[in-house]
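Secondary and tertiary structure notes
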Amino acid sequence: MSSQRFKCTGVPYRQGWIEVTPGIHDGYVNFEVWNVTSEVDISPLASELALLTDVQVVGNTEVELSVALAKALVAALENAIKTIERAGA
């Protein structure tokens with residue numbers, strides 16, 4: 001089981017990590033998001049998730065996505081990306 005973790009630093013008051021892991025539960029994709037307080041520097045060269053205290057992690061949500069739902073999420077993300085790209089941002 002291999003996880004992928006993405007550090008999100010673009011908007012400081014909404015910074016954190018997204019982690020995607022296949023197969024924690026058979027047939028599902030685990031999708032987890034950690035929201036980190038904006039006072040913590042999580043820029044690419046700074047803190048990693050394992051180094052943060054419980055106080056610095058202000059939110060955590062973990063859900064299991066069926067394959068169909070994971071595919072729908074991918075499609076929604078692709079549509080959002082196209083919208084942003086068309087807007088020239």
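Summary of the structure given here. (Residues numbered from 1 in each chain as written. Predicted model: local features only at pLDDT ≥ 70, side-chain atom pairs only at ≥ 80, totals over all residues. Heavy atoms only, no water.)

1. Regarding the side chain of threonine 37
We count it as follows: Counting from the N terminus, the helices are the DSSP runs of H or I reaching at least four residues and the strands are the DSSP runs of E reaching at least two. Counted as a polar contact is a pair of N or O atoms within 3.5 Å, where, for protein atoms, one must be capable of donating a hydrogen and the other of accepting one, and residues adjacent in sequence contribute only when both atoms are in side chains. Residue contacts follow a heavy-atom distance rule, with two residues in contact if any of their heavy atoms lie within 4.5 Å.
Here threonine 37 shows up in the loop between strand S3 (28-36) and strand S4 (57-66). Within the structure, threonine 37 has its side chain in polar contact with the side chain of glutamate 39 (distance 2.3 Å). Those residues in contact with threonine 37 that lie beyond four places of it in its chain are Gln15, Gln56 and Val58.

2. Describing the sheet that holds S4
What counts here: For two strands to count as paired, DSSP must find a minimum of two bridges between them. Only the stretch in contact is used when fitting a helix axis, every axis being a line fitted to C-alpha atoms; angles between N-to-C directions are given from 0 to 180 degrees.
The strand order across the open sheet formed by four strands is S1-S2-S3-S4, and the pairing between neighbours is antiparallel. Each having just a single partner strand, strand S1 (4-8) and S4 make up the two edges of the open sheet. Each strand axis lies, on average, 15° off the axis of its neighbour in the sheet, ignoring direction. Note that S1 and strand S2 (residues 16-22) share five bridges and pair antiparallel. Bridge pairing in S2 places glutamine 4 opposite valine 20.

Just geometry here; none of it tells us what the structure is for.
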